[in-house]
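Results of the structural survey
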Amino acid sequence: MRHLRRCVLAILLTGGFVGAQDQAARAPKKVDAAAMFAGPDKIDPAAAERGQKIFGPTCGFCHGADAAGKSAPDLIRSQLVLHDEGGSLIGPVIHNGRPDRGMPAFPSLTNEQIADIGAFLKLRKQATSNRFGYVIQGLLTGNAKAGESYFNGDGKCSTCHSPTGDLAGIANRFEPADLQRRFLSPGPSLMDMFMGKQSKPLPSPKVTVRWPSGETVSGTLVRADEFNIELKDSAGWHRSVSREGAQVQIDDPMSFHREQLAKYSDADMHNLLAYLETLK
Ligand code: HEC
Ligand code: HEC
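These remarks concern the structure in this document. None of these values were measured; they are calculated from a predicted model.

Looking now at the overall build of the chain. Per the secondary structure count, the chain includes 14 helices and 5 strands. Within the chain, the proportion of its 280 residues that are buried is 22%. Taking the intrachain contacts of the chain between residues at least 6 apart in sequence as the baseline, contacts between residues at least 24 apart amount to 58%.

Pasting the structure below:
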């Protein structure tokens, strides 16, 4: 099933329509990950690989080995790179440099080498902006077993979720790209909101305000600022109380997900996605 889905995605990505017969003939073949990853804008993976070998040691010091920027700008978001074709626009910058602005000249790089660098930069661009490409990369590199141990171990996911409870069959409910977005940042997608699709609201933070006298008020947090806490109590009443002299405790069920976002490594994300994809 997984295999078939990849195949379908590959067809989507290359933009070609393949007849049912053709599709059946293709199904048993090994999927060419590099070709899929290249997406609609064909990039020669071999050229990108050669380009990466030049870019890392020559340009990485300033632009970052992944081209995402360091002391020098991010080249993945560069308009110049976006519109470059085979080195047409980046070539002059690389050959002549912009010495007055800190970009040295590299006159000895050949046009072929520059075209290879261009292919690498475009591939990086797709890896970060093409959500299919990104997810497919994750699906292909993720290890479901490792994802499962992360889920039950370091990721602490099993303290709130269960693969046979709330997350049972989750891979049937969402496409891989959406599934990944959901565990990174739960809630409706921009597309859902745009389409006006109803989805269950995320749980709201709970708040408890405790005064030295022992009096407490608690409920669902509506608003908090430096001076006041606004909440809805269990009877449904809106109340606004002063924080002065009180102890305020806010428990936000979504805070885990927000904080976890900074903690995932790329491998954790890919492994988790591969694991969640097995929940069918
Ligand atoms: C010593 C640091 C340094 C090195 C090494 C370096 N660059 Fe740059 N590069 C810069 C800086 C700084 C800029 C921004 C210049 C400016 O503001 O116009 C830049 C700009 C660029 C731009 C233009 C981006 C745009 O959108 O205008 C390209 C393309 C580029 N570099 C490619 C490369 C490549 C390819 C290499 C390796 C062959 C490389 N750079 C090596 C510092 C460096
Ligand atoms: C402290 C509790 C907590 C922990 C720990 C936690 N989550 Fe969640 N998670 C939530 C809450 C609350 C929601 C939003 C309500 C819901 O959709 O169930 C949510 C939503 C989700 C959703 C979206 C479900 C849907 O139907 O849209 C996924 C997927 C998910 N979490 C995966 C994970 C993974 C993977 C981990 C481990 C890295 C994790 N969660 C850890 C509390 C937690």
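So, next bit.
All right, on to the environment of P176 then. Tracing the chain through its elements places P176 in helix 11 (residues 176-184). Sequence-wise, P176 and E277 are 101 residues apart; in three dimensions their C-alpha atoms are separated by 7.3 Å.

So, on to the packing of helix 9 (residues 144-152) against helix 14 (residues 266-276). Helix 14 packs onto helix 9 with a crossing angle of 100° between their chain directions and a minimal axis gap of 7 Å. Regarding the angle of helix 9 to helix 14, the classification is roughly perpendicular. Contacts between helix 9 and helix 14 involve A144, A146, G147, E148, Y150 and F151 from the former and D268, N271, L272, A274 and Y275 from the latter. Grouping the constituent residues of the contact of helix 9 with helix 14 by class yields 7 nonpolar, 2 polar and 2 charged.

With respect to the helices, strands and loops of the structure, S240 is situated in strand 4 (residues 238-242). Between the C-alpha atoms of S240 and I229, which are 11 residues apart in sequence, the distance is 5.6 Å. When neighbours within four sequence positions are excluded, S240 is seen to be in contact with N228 and E230.

Here we come to the site of ligand 2. Taken together, 20 residues sit near ligand 2, with G155, C157, C160, P186 and F256 positioned nearest. Taken together, the elements giving at least two residues each to the shell around ligand 2 come down to helix 11 and helix 13 (255-260). The element that contributes the greatest number of residues to the shell around ligand 2 is helix 13, accounting for 3 residues. Here the shell around ligand 2 is built from residues that sort into 12 nonpolar, 5 polar and 3 charged.

Moving on: the pairing of strand 4. Look at any regular strand and the pattern is simple: side chains alternate between the two faces of the sheet. A small share of strand 4 lies buried, amounting to 0 of its 5 residues. Here strand 3 (residues 228-232) pairs with strand 4 via 5 bridges, running antiparallel. Across the sheet, L231 pairs through a bridge with R239, a residue of strand 4. Taken together, strand 3 and the strand that follows it, strand 4, pair antiparallel across an intervening segment of 5 residues, in which G236 is found at a positive phi of about 95°.

Grouped together as the largest cluster of nonpolar side chains are 17 residues, with contacts concentrated most on A119, F120 and L121. Residue contributions to this core peak at 7 residues, all from helix 7 (residues 111-129). Setting aside its immediate chain neighbours within four residues, L121 contacts A67, L75, I76 and V81. Counting residues in each nonpolar core, the second largest holds 10 residues, with A171, L272, L273 and Y275 among its members.

Calculation rules
- Residues numbered from 1 in each chain as written.
- Chains lettered and ligands numbered in written order.
- Predicted model: local features only at pLDDT ≥ 70, side-chain atom pairs only at ≥ 80, totals over all residues.
- Helix = DSSP H or I, 4+ residues; strand = E, 2+ residues; numbered from the N terminus.
- Buried ≥ 20, exposed ≤ 12 C-beta atoms within 10 Å, placed from the backbone.
- Contact = placed C-beta atoms within 7 Å.
- Axes fitted to C-alpha atoms, helices over the stretch in contact; angles between N-to-C directions.
- Parallel < 35°, antiparallel > 145°, perpendicular 65-115°, else oblique.
- Nonpolar A, V, L, I, M, F, W, Y, C, P; charged D, E, K, R; others polar.
- Near = placed C-beta within 6 Å.
- Pairing = 2+ DSSP bridges.
- Core = buried A, V, L, I, M, F, W, Y, C linked by C-beta atoms within 7 Å.

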